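# Structure at a glance
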Amino acid sequence: MASSSLVFRLHDRGPELVRKVLLERGWKEYDGGEQEEEDWNLYWRASAFRSSDYHNLLPWQRLNHHPKTVGITRKDCLVHNLRRMRATFGSSLYHFSPAAFILPNDHTRFLSEYTRRRQTGGWSPYWICKPVDLSQGRGIFIFEDYKDLIYDSSVVIQRYISNPLLISGYKFDLRIYVCVKNFHPLTIYMHQEGLVRFATDKYNLSSLDNLYAHLTNTSINKLGPFYTTNKERVGQGCKWAMNKFRCFLRSQGINELLLWQKINNIVTLTLLSIAPSVPSSPNCVELFGFDVLIDSKFKPWLLEVNSSPALTLDCQVDVAVKKGLISDLIDLMNYRSIDSLRERAYRKQLPRYHASQASRFSTPVATFKELKSQKTSGSRSSQTPTQSLVKARGQHRADQTSQSQSQHHGSGKPEVQTGCRVLEAPTHPEVQ
């Protein structure tokens, strides 16, 4: 009969961390030379899937991307959507992203804002220029004078937060890992661990061209002259785990709970900007990397949202944070023993379903913290294939009844906000 091992498929042989975690959990890697095209449970890739990949999903299969999330993961699209939400719901709610302009389309608007700020009290803000289609800090530069703005492709000009919170003189930002399990209703999980990413040179506005002082991208700072230096309080390298940052907040008497509530709001409101336009895809789970900067007044600012955040292991902090992150993400995919049977069992005994119907095989999960004591390893099931199929049939009938009742009593209108569940950062007794 069918193998009881879950099978993963990686695009372009990576990322290696995903392979390692799944193999340790007892999964097998897809072999196109020996297995049928649809004989897999998880397909993981860094880039977006095609529309046909979503349409042809089978009940036992999962993808690591939702469709049409580029609205927040591409810099210009994020600016556009947050601007639209700000116009609709007010700047008091959507005032967590610095003023931004998409050039060349917004060139006149930017020039007008630039001129207005220079003429108002003589205060001239700093600006940061980012190519819309590049990542890892490539092509980014900071400027104060308009004559220094030079670009040859579409860019985003954003007001530079020139008063960041510093740790021993070093600038940093937070990489918040966010998993969206469903957009209808919007279901969000924030991982309790994350990364604090440091610049490796002391912050100094008199040297705007020193990227090691102004950018926190690891891909840039690991090439810097002070990367291996034991920097004051920061230490070697350029990363902390989030729990170390929480200790820092408590040592400074900062209201940690309030700060995390603000960050939770940023994540939720950002995802709400695209939720209505994302098609329902119950067999998809997506991991986002939210980059958040905290200023000297402890106000968090959203810098950007990353699709397929880097899973490379550059240091021990990466190992400690990212390995657990991927393991918890797999748990959120809710695989059942029936899924390991795949096509060879379903083809004979169960109909083929589209992804929109496949959610009946998913069981809601409460929080990442609860998952720690309930991990499923993907090991061989004690049930026989026949028992599994009988159980699946019963589950199918029960879920059909439940779905029918839900449709009968429901209003038919999406309730994105009320359906949103956010896992807040853990609180501590000393934080009031």
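Now for a description of the structure that goes with this document. Quick caveat, the model's predicted, so the values are computed rather than measured.

Cut-off values and rules
- Residues numbered from 1 in each chain as written.
- Predicted model: local features only at pLDDT ≥ 70, side-chain atom pairs only at ≥ 80, totals over all residues.
- Heavy atoms only, no water.
- Pairing = 2+ DSSP bridges.
- Helix = DSSP H or I, 4+ residues; strand = E, 2+ residues; numbered from the N terminus.
- Axes fitted to C-alpha atoms, helices over the stretch in contact; angles between N-to-C directions.
- Contact = heavy atoms within 4.5 Å.
- Polar contact = N/O pair within 3.5 Å; in protein donor to acceptor, adjacent residues only side chain to side chain.
- Salt bridge = Lys/Arg side-chain N within 4 Å of Asp/Glu carboxyl O.
- Buried < 20%, exposed > 50% of the residue type's maximum accessible area, 1.4 Å probe, protein only.
- Core = buried A, V, L, I, M, F, W, Y, C linked by side-chain atoms within 4.5 Å.

### Comments concerning the sheet that holds strand 8 (residues 155-159)
Pairing in this open sheet of four strands is antiparallel, and the strands run 5-8-6-7 from one edge to the other. At either margin of the open sheet sits one strand with a lone partner, and together these are strand 5 (100-103) and strand 7 (141-143). Adjacent strand axes in the sheet meet at a mean angle of 25°, parallel and antiparallel pairs treated alike. Pairing analysis gives four bridges linking strand 5 to strand 8, with the strands arranged antiparallel. Paired with alanine 100 across the bridge in strand 8 is glutamine 158.

### Remarks on the environment of aspartate 106
Residue placement: aspartate 106 occurs in the loop between strand 5 and helix 5 (107-119). It is 9.3 Å that separates the C-alpha atoms of aspartate 106 and valine 156, two residues lying 50 residues apart in sequence. In this structure aspartate 106 touches Arg83 and Phe101, once residues within four positions along its chain are discounted. Within the local environment of aspartate 106, its side chain forms a polar contact with the side chain of arginine 83, the two groups lying 3.0 Å apart.

### Side note on the pattern of salt bridges
Enumeration according to the criterion identifies 24 salt bridges in this entry. With a closest N to O distance of 2.8 Å, glutamate 113 and arginine 117 form a salt bridge. Of this pair, glutamate 113 and arginine 117 both sit in helix 5, four residues apart, which is roughly one turn of that helix. Judged by relative accessible area, which is 15%, arginine 117 ranks as buried. Beyond isolated ion pairs, a larger network of salt bridges with shared partners links Lys222, Lys239, Asp314, Asp318 and Lys322.

### A look at the nonpolar core
Core analysis: the largest hydrophobic core is formed by 46 residues, its most contacted members being Leu174, Ile176, Val178, Phe198, Phe245, Leu271 and Phe290. Among the secondary structure elements, those contributing two or more residues to this core are helix 4 (75-89), strand 10 (170-183), strand 11 (186-190), strand 12 (195-198), helix 8 (242-251), helix 9 (256-272), strand 14 (286-294) and strand 15 (300-307). The leading source of residues in this core is helix 9, at eight residues. Counting 26 residues, the second largest nonpolar core, distinct from the first, contains Leu22, Ala241, Leu311 and Leu325.

Everything listed here is a matter of geometry and, on its own, says nothing about what the molecule does.
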